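Observations on the three-dimensional arrangement
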Amino acid sequence: MKFRLLLIFSTLALCLHAQEKIEYLPYGKLDTWTVRYIKESFLLGGKTRALYVVAKTDTIRKNGPYPYGKNGSPWCTSNAYAKVCGVEKAAVSATPERRGNGYCCKLETSLQTVTAVGIDLKALATGSLFMGRLMDPVTLEGCKVPMKAIDMGVPFTKHPIALILDYKAIIQQGKPMVKATGSTKVTTVQGQDAGEITLFLQHRWEDADGNIFAYRVGTATERITKSIPNWQNNHRLPIRYGDITKSADYKSWEKLSKNRFMARNSKGKMVPVQEIGFKADVEPTHIILQISAGCQEPFIGCPGNVVWCDNIRLAY
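Hydrogen bonds along the backbone pair up the strands of a sheet, which may run parallel or antiparallel. The strand order across the open sheet formed by 3 strands is β17-β15-β25, and the pairing between neighbours is antiparallel. Only two strands of the sheet have a single partner each, and these edge strands are β17 (187-189) and β25 (300-301). Bridge count for strand β15 (residues 177-179) against β17 is 3 bridges, and the pairing is antiparallel. The residue of β17 that forms the bridge with Lys179 is Thr187.

Laid out in structure tokens, this is it:
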């Protein structure tokens with residue numbers, strides 16, 4: 001009898017597995033990149049830096065915006081081109097890296113130094129790959145509050161059951177975090193930084209005043225708290241629908257967010273995406289997907305943290 005039940009359950013599991021459908025997200029293989037060369041202002045040394053983004057081809061674009069949207073890519077990185085008061089600066093924290101016959105994405109947290117008129121200014125940059133759009137160029141407001149420069153999330157209406165990707169990581173366990181906001185001052189911050197994978201399915205709407213609200217439809221999150229030197233292929237994060245606060249594996253950092261993410265409203269203004277509740281019985285309108293070398297607020301993190309990712313896809 002026990003053998004018969006085991007055989008039935010095994011057959012059922014095989015049938016369910018065979019029915020599962022895997023779809024890569026657009027450009028989710030991370031094999032095609034676009035590079036743009038930015039010549040920084042003479043005041044900052046005049047160096048030429050390469051900014052990378054996941055895109056349709058690897059052609060060089062010296063001028064103009066990256067190819068986002070219908071004819072481009074839904075992906076963006078934390079690589080930023082800033083132009084403030086006529087001064088041009090590039091920050092690089094995400095790069096393609098060769099993996100086999102293709103590429104993966106390397107995300108790194110580093111303390112970046114800019115020398116201006118003999119003064120060393122330091123800023124903590126955390127490598128991040130996300131679905132959305134970064135302001136180009138980043139203005140003074142975006143430099144002060146980076147989330148105001150990021151239109152986070154893209155339209156999406158499907159109901160996947162899991163996020164699947166390959167990844168590995170170097171995490172600086174036991175080393176202190178630092179805070180560096182672009183001044184000469186670097187301070188030590190208590191706590192432990194970690195890599196982070198975040199997927200939110202949201203149902204968004206906009207009111208007459210241009211405010212954007214959302215229900216959290218689905219959630220898949222994970223923090224990478226230790227070094228993983230070998231590739232973890234086909235790593236799977238189940239997507240939980242509806243209110244997840246009562247589930248056994250719920251973490252406090254998965255809570256609803258009022259101001260964590262920003263989006264551009266129909267009036268062209270960047271406003272917070274205000275999540276007001278969990279709700280599984282509504283259609284998703286947007287997906288937020290972010291893979292990062294850190295989990296802290298902007299300008300705070302642990303230099304030396306690195307997360308590599310590749311082959312990003314969804315299971316249905």
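This is not the end of the story, as more comes after the structure.
One ladder, built from 12 bridges, connects strand β18 (residues 195-206) with strand β19 (residues 212-224); its direction is antiparallel. Considered in β19, the bridge of Phe200 is made with Thr219. Between β18 and the antiparallel strand that follows it, β19, lie 5 residues; Gly210 among them carries a positive phi value of about 90°. Pairing geometry for β19 and strand β21 (residues 240-241), over 2 bridges, is antiparallel. Paired with Gly218 across the strands is Tyr241, a residue of β21.

Moving on: the environment of Gly86. Along the chain, the position of Gly86 falls in the loop between β5 (80-84) and β6 (87-91). We classify Gly86 as exposed; its relative accessible area is 54%. Between the C-alpha atoms of Gly86 and Ser41, which are 45 residues apart in sequence, the distance is 8.4 Å.

Moving on to the pattern of salt bridges. Applying the stated criterion across every chain yields a total of 13 salt bridges. For the salt bridge of Arg240 with Asp249, the shortest nitrogen-to-oxygen distance reads 2.9 Å. We note a salt bridge from Asp243 to Lys246, for which the minimum N-O separation is 3.8 Å. Take Asp243: its relative accessible area is 43%, and that puts it in the partly exposed class. Each of the salt bridges in this network shares a partner with another, and the network as a whole consists of Arg99, Asp166, Asp310 and Arg313.

Applying the stated criterion across every chain yields a total of 3 aromatic pairs. Look at Phe200 and Phe261: their rings are 6.1 Å apart centre to centre, the planes differ by 75°, and that puts the pair in the edge-to-face class. Residue Phe200 is located in strand β18, and its partner Phe261 is located in the loop between β21 and β22 (262-264); the two are separated by 61 residues in the primary sequence. Residue classification places Phe200 among the buried residues on the basis of a relative accessible area of 1%. By the ring-pair criterion, three or more aromatic residues cluster together here, those being Trp205, Phe213 and Tyr215.

Procedures and definitions
- Residues numbered from 1 in each chain as written.
- Predicted model: local features only at pLDDT ≥ 70, side-chain atom pairs only at ≥ 80, totals over all residues.
- Heavy atoms only, no water.
- Pairing = 2+ DSSP bridges.
- Helix = DSSP H or I, 4+ residues; strand = E, 2+ residues; numbered from the N terminus.
- Buried < 20%, exposed > 50% of the residue type's maximum accessible area, 1.4 Å probe, protein only.
- Salt bridge = Lys/Arg side-chain N within 4 Å of Asp/Glu carboxyl O.
- Phe/Tyr/Trp six-rings, centres within 6.5 Å; stacked < 30°, edge-to-face > 60°.

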